[in-house]
Amino acid sequence: AIYADSLIGGMELPIFGPLMPGEMVIHRASERTSAIIVPAAIHDLAAKGMHSLDNHARRSIFKAAESSRHYALRLVVTARTENNDDSLTPEAPAEERSYWLRSIARFSDDRLRYLTLAGLMDSSDPETHLWLGFDYMSSDGNTNPGQRLRDLNKAVFHLQRASILSPNDPRVQYQLATALSAKMQCEEAVEDDILPVIEALERSTECESAAVKLGVSSVQDLLVGLNGLSENLCRIGDFNRALGSIDRWAEASSVRSNLAIEDLASQDDGACPEFESITANGGEGDTCRVFVRTRGDIAVFEPNDIRRLRLAADNMFASGLQTSRYTMQYEGNSEIHLDDLCASDPVLKGRIDTILQQKIYPLVRSAFADYGDTPVGPLCVYDSIFVRYNGDKAKAAGKIGASQPLHQDGGIYSVNIALNSHEDDDQNGCGFTGGGTFFERLSLCDNAVERPVGPGHAIIHATTQRHAGAPTTSGIRDILVIFLSARKPLELNVGSPWAIERGMRLQSIGKQLRRDKLIPCLQLASNNDPTNSEQRYWLGVHLIQGDMADTSENRWREICGGVEFLEDSIQLNPSDARAHYHLGMAISTRHKYAMRTRRADELPPPKEAAESMIHALETAISLERRCLLYNCPNGINIGAAYLALGDFMLRLKSFDKAMSYLNLVEGAIQESGDAEEEWAKGMMDEVTSMMNFCNEEMAIIPKT
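Just so it is clear, the structure is predicted and the values come from calculations on it, not from any experiment.

A. Broad picture of the overall build of the chain. Helix and strand content of the chain: 24 helices and 15 strands. Expressed as lengths along the three principal axes of its C-alpha atoms, the size of the chain is roughly 120 × 65 × 50 Å. Counting the 704 residues in the chain, one finds 51% classified as buried. For the chain, the share of sequence-separated contacts (at least 6 apart) that also reach a separation of at least 24 residues comes to 71%. Of the accessible surface of the chain, which amounts to about 34100 Å², a share of 50% is contributed by carbon and sulfur atoms.

Now the structure itself:
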């Protein structure tokens, strides 16, 4: 069949076909088309539903492409201009001249000149306007704001012209949205004027979805468009439409990988690894599961699988390629996406698919069946990366080792598979040292860094579980991390299975917004995933960080709400040093604000408030010191915590206690190595002033 952009919206399927042998399609050369292999019953399959990216038609197209071959004769027809003078070369049609000028422009240093000439030759070709718009938008080398704005106006003109000529080209609509957004920033326009940007992104993602549903396009461009659409909808406060866009983004993420999805209809008899659960104390004395670890004779990966995977990674690293989309790229870390490794090794892909179906999917279903609701739809690979930690390279760069900071993952479950041995487990003592996964929830336990029991074995945890890659201090540590999500069932009419992704995405977007949109965005994130402490933590932090000069009742409710959300966050994750730290600071802020705005009668009793603040900040300090012990810090300013405690005790006129805390500030600053920083010097000046005040007051107060 022939897929055509121009058919989007006009037909059930934007294709000509299925085409039988001998049949043909004629279209203008400027039409954007793609030849695809489809089953004969493609229209019947489409009738079952095309609302989802993962549909019967798309699956059948992929299956047909694996087992079929397509042979076609493609004729490109042009015309000759009649010329009575035989000594002159006939002039090519304007469309063809424009096409070749555009082709030359790709390899020229003077692209705009050739593209402009191509546009003069054929002003009706949307492709030329697209590239002119893109080039004008990309010409940001000129630092003159006036020239930059003129270039952006030209870009918008050409892209708007392209969108009229080819309204169903998703590239045109996306670039138009980008140009309009850049023009707004250059003009310093208000965010409420971004409706044209949203309209272009909606059209772009609608057209891109049509191509993805039939396997014509990869999902990556759709993900970029939906990400921009979600951000802009949140920017104007249209959160209902933003949720729909985020669900589409989560769905697109679930079909990004080409690795096998869970077959719910098959009861595979493959041997599933045994596992054990590792727990920690919860917020109210109960226990919560932190992760699951495989054990026993059956590993997730066999030695031959590990050898093949590491060899494929070695070859790609040797070629200089590193394909990770992630940003936490520290010195000594290298990453490759598993899909990229499998793309050039069908045998490896076959083995990975078998392991997913026979071991990983059944293991996750079994391990998390009693840990809340497992997805109704089939599990799938959200993403997967081969990670290499090179401790020697990191140390040579002055680091403690090769590591990752504290973070949460994307998707629903994270599967961390060891691919080589630690020094303690290697028979020849040749393994890596350090390394492993630091779990924040285990920071008060005897050991907070955990590793799989051996190569091929795995650790599995919820993606919302905060963790870090503990520094690999020497040697090389290789792991494969598989992030699992779920697809929406094809037959069942169920709600969104992506509540976790909703919460995480809204949290990420919210922190970029103005405060009037930030707070409702984070509230919506928390409502969608009420078990994730991270959203409540950030909501509490931002509620406190408002205008302290505002004495309104609404501002007072925000401050009190910030304290409550931080308390809720600690209930969900008692080991989060940041939440305890900000709770202590929030209690102090609430006290200062109430005293200044004459709301002291609305505060808890002084003793209760003091005890709450002391407990919060001392717990934060204790937890952060535990994190520092494992070289996985949160970055909390311990000196500031002691200063806040001293200041609070001083306000309560408990001068002895104030002095005891203030005396600890200098040591904390020295310990952090920041003594020469300006903020540290300013803090010490403040400490000196407060200590002098305490000494004066204690000298006045008679001893009893």
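B. Spatial organisation of a nonpolar patch on the surface. A cluster of nonpolar side chains, namely Leu-73, Leu-75 and Val-77, defines an oily patch on the protein surface of about 410 Å² accessible area. In this fold, Leu-73 is placed in the loop between helix H2 (56–67) and helix H3 (94–105). By relative accessible area, Leu-73 is classed as exposed at 74%.

C. Fine view of the sheet that holds strand S7 (residues 379–390). A sheet is described by the order of its strands in space; here 7 strands give the open sequence S4-S5-S13-S9-S15-S7-S6, paired in antiparallel fashion. Each of the sheet's edge strands pairs with one partner strand only, and the pair in question is strand S4 (274–281) and strand S6 (333–337). Across this sheet, the average inter-strand angle for adjacent strands is 25°, counted without regard to direction. This element, helix H10 (residues 239–254), spans S7 and strand S15 (476–486) of the sheet and lies at about 70° to S7.

D. Fine view of unusual backbone geometry. Omega for the peptide link from Gly-17 to Pro-18 comes to 10°, which places this bond in the cis form. Following the sequence through the fold, Pro-18 ends up in the loop between strand S2 (15–16) and strand S3 (33–35). Phi angles above zero are rare outside glycine, and Lys-653 is one such case at about 65°. Secondary-structure assignment places Lys-653 in the loop between helix H21 (638–651) and helix H22 (655–662). On the basis of relative accessible area, Lys-653 is assigned to the exposed category, the value being 63%.

E. Local environment of H2. Compared with the 16 Å implied by 1.5 Å per residue over 12 residues, the 17 Å span of H2 between its first and last C-alpha is a close match. Within H2, burial applies to His-56, Ala-57, Arg-58, Ser-60, Ile-61 and Ala-64. If you check the start of H2, you find a side-chain oxygen 3.0 Å away from the backbone N of Ala-57, and it comes from Asn-55.

F. Seen up close, the nonpolar core. One finds Cys-234, Leu-506 and Tyr-642 to be the most contacted residues of the largest nonpolar core, which totals 114 residues. Cys-234 has contacts with Phe-239, Ala-242, Leu-506, Ile-509, Leu-513, Lys-517 and Cys-521, leaving out every residue within four places of it along the chain. Listed in part, the 38 residues of the second largest apolar core include Ala-313, Leu-341, Ala-367 and Ala-486.

G. Geometry of the side chain of Asp-247. Topologically, Asp-247 is positioned in helix H10. Classification of Asp-247 as buried rests on a relative accessible area of 13%. A distance of 2.8 Å separates a polar atom in the side chain of Asp-247 from a polar atom in the side chain of Arg-502.

Thresholds, definitions, all that
Residues numbered from 1 in each chain as written. Predicted model: local features only at pLDDT ≥ 70, side-chain atom pairs only at ≥ 80, totals over all residues. Heavy atoms only, no water. Helix = DSSP H or I, 4+ residues; strand = E, 2+ residues; numbered from the N terminus. Buried < 20%, exposed > 50% of the residue type's maximum accessible area, 1.4 Å probe, protein only. Contact = heavy atoms within 4.5 Å. Areas by Shrake-Rupley, 256 points an atom, 1.4 Å probe, with all protein chains shown as cover. Patch = residues over 30% accessible without salt bridge, like charges linked within 9 Å, V, L, I, M, F, W, Y side chains within 5 Å. Salt bridge = Lys/Arg side-chain N within 4 Å of Asp/Glu carboxyl O. Pairing = 2+ DSSP bridges. Axes fitted to C-alpha atoms, helices over the stretch in contact; angles between N-to-C directions. Expected span 1.5 Å × (residues − 1). Polar contact = N/O pair within 3.5 Å; in protein donor to acceptor, adjacent residues only side chain to side chain. Core = buried A, V, L, I, M, F, W, Y, C linked by side-chain atoms within 4.5 Å.

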